[in-house]
Amino acid sequence: MTVFEDRFWSSRDGLKLHFRDYPGSLPDRARPDGEAPDGARPDGAQLPPIVCLHGLTRNARDFDVLAERLSPRWRVICPDMRGRGDSEYARDSASYNPVQYGEDLLELLAQEKIDRFVAIGTSLGGLMTMGLATMMPDRIAAAVINDVGPFLEPEGVERIKDYVGQGRSYPTWVHAARAIESSQGDAHPGQPLDFWIGRAKRLMTVSNAGRVVFDYDMKIAEPFLGYDVDDQPDLWPAWEALAGRPVLVLRGALSDLLSAATLEKMLRRLPGAEAVTLDNVGHAPTLDEPESVAAIERLLAQVA
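Just so it is clear, the structure is predicted and the values come from calculations on it, not from any experiment.

Attention now goes to the packing of helix α2 (residues 98-111) against helix α3 (residues 124-135). α3 packs onto α2 with a crossing angle of 70° between their chain directions and a minimal axis gap of 10 Å. Taken together, the axis directions place α2 and α3 in an arrangement best described as roughly perpendicular. In the packing of α2 onto α3, the handedness of the crossing is right-handed. Judged by residue contacts, Pro98, Tyr101, Gly102, Leu105 and Leu106 of α2 engage Leu124, Met128, Leu132 and Met135 from α3. When the residues that make up the contact of α2 with α3 are grouped by side-chain class, the tally is eight nonpolar, one polar and no charged.

Set out below in structure tokens:
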């Protein structure tokens, strides 16, 4: 099993934020036959790291299987954004917004001296990726946008509003798994209990009282609940800012957040992007699916 290191960085407003660092190959791992080590190009330059950006109520654990698969050839960084996982909770709930998350990420990139990276963003993380592309397009080497686009379907936004920030707790992992299945079963129909226990362990943690609870600050709901689906910002320029580099869009065929019509429009406005739609999956693909893994590896093969 690949070993990751738990590391930290600081936000400008003084929060201690956590990330998992799967180290990847190092420059001094050259083989005695003179060939380039895994993780390096033939000219000896290192491949850019992969930065995995999670969804609204999720955390770095969302990418554990994918990160283990991609490392050690690639360095993979999986941050817990403020208010999630092992990162500190914000003092002001208004800071739970995509602009602030992007600023926090810039501090991490500066600390780690990362000039270029591959972004893999699920839902909120995909929106962050598009936002970063408008700020620093030359620093994004490639991008995976997982089940989100420049227009959010109102049905999906309202569904998320129905559960975010409710703070429920459960006596066992099985109880927690069954609760998640009841709310997300339409997105992953027919999955066995083991699947839902795995989902619960990515989403949740054990509290000091011994109850299984969601692993995020319930106050992240406050700004999101005020989001007006009838007055969405124009994110199409942010999507188009990803032009000129490998881009992959993954969509669950059952998704209620990214419609087939929006995906078609995305491909028209960024003709070089690849799109993969996963059957019998809703919002959002887990990135463990064979089709997702194969598509991500195709994209990474294009990164120079």
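This next bit is on the sheet that holds strand β2 (residues 16-22). Strands pair in a sheet through their backbones, by hydrogen bonds, and they do so in one of two ways: parallel or antiparallel. Strands sit in the order β1-β2-β4-β3-β5-β6-β10-β11 across an open sheet of eight strands; the sheet is mixed. For this open sheet the edge positions go to β1 (5-10) and β11 (274-278), each flanked by a neighbour on one side alone. The sheet shows a mean angle of 20° between the axes of neighbouring strands, direction not considered. Strand direction decides the pairing type here: strand β3 (residues 50-53) and strand β4 (residues 76-79), joined by two bridges, are parallel. From the neighbouring strand, Val51 faces β4, where its bridge partner is Ile77. Sitting on the sheet, α3 touches β3, β5 (117-122) and β6 (140-146), and the angle it makes with β5 is about 140°. Taken strand by strand, helix α10 (residues 290-300) contacts β3, β5, β6, β10 (247-252) and β11, and its axis lies near 170° from that of β10.

Turning our eyes to something else, we now look at the packing of aromatic side chains. This structure, assessed with the given rule, holds four aromatic pairs. Measuring from centroid to centroid gives 4.9 Å for Phe195 and Trp196, while their planes differ by 90°, and the two rings are edge-to-face. Pairing Phe214 with Tyr216 gives two aromatic rings, centres 6.1 Å apart and planes at 55°, and the pair type is tilted. Against the face of Phe8 rests Lys16, its NZ or CZ located 4.5 Å from the ring centre.

So, on to the environment of Gly190. Mapped onto the elements of the fold, Gly190 is located in the loop between α5 (173-184) and α6 (193-203). Residue Gly190 is classed as exposed on the basis of its relative accessible area of 80%.

Summarising the element assignment, Ile197 is placed in helix α6. By relative accessible area, Ile197 is classed as buried at 19%. For Ile197 and Val174, which are 23 residues apart along the polypeptide, the C-alpha to C-alpha distance reads 6.5 Å. Once you skip the residues sitting within four places of it in the chain, Ile197 turns out to touch Trp173, Val174 and Ala177.

Next up on the list: the packing of α5 against α6. Contact geometry for α5 and α6: axes closest at 8 Å, N-to-C directions at 100°. The angle between the axes of α5 and α6 places the two elements in the roughly perpendicular class. Judged by residue contacts, Trp173, Val174, Ala176, Ala177, Arg178, Ile180, Glu181 and Gln184 of α5 engage Leu193, Trp196, Ile197, Arg199, Ala200, Lys201 and Leu203 from α6. Class assignment of the residues belonging to the contact of α5 with α6 gives a composition of 10 nonpolar, one polar and four charged.

Quick notes on the rules
- Residues numbered from 1 in each chain as written.
- Predicted model: local features only at pLDDT ≥ 70, side-chain atom pairs only at ≥ 80, totals over all residues.
- Heavy atoms only, no water.
- Axes fitted to C-alpha atoms, helices over the stretch in contact; angles between N-to-C directions.
- Helix = DSSP H or I, 4+ residues; strand = E, 2+ residues; numbered from the N terminus.
- Parallel < 35°, antiparallel > 145°, perpendicular 65-115°, else oblique.
- Left-handed = near helix turned anticlockwise from the far one by under 90°.
- Contact = heavy atoms within 4.5 Å.
- Nonpolar A, V, L, I, M, F, W, Y, C, P; charged D, E, K, R; others polar.
- Pairing = 2+ DSSP bridges.
- Phe/Tyr/Trp six-rings, centres within 6.5 Å; stacked < 30°, edge-to-face > 60°.
- Lys NZ or Arg CZ within 6 Å of the ring centre and 35° of its normal.
- Buried < 20%, exposed > 50% of the residue type's maximum accessible area, 1.4 Å probe, protein only.

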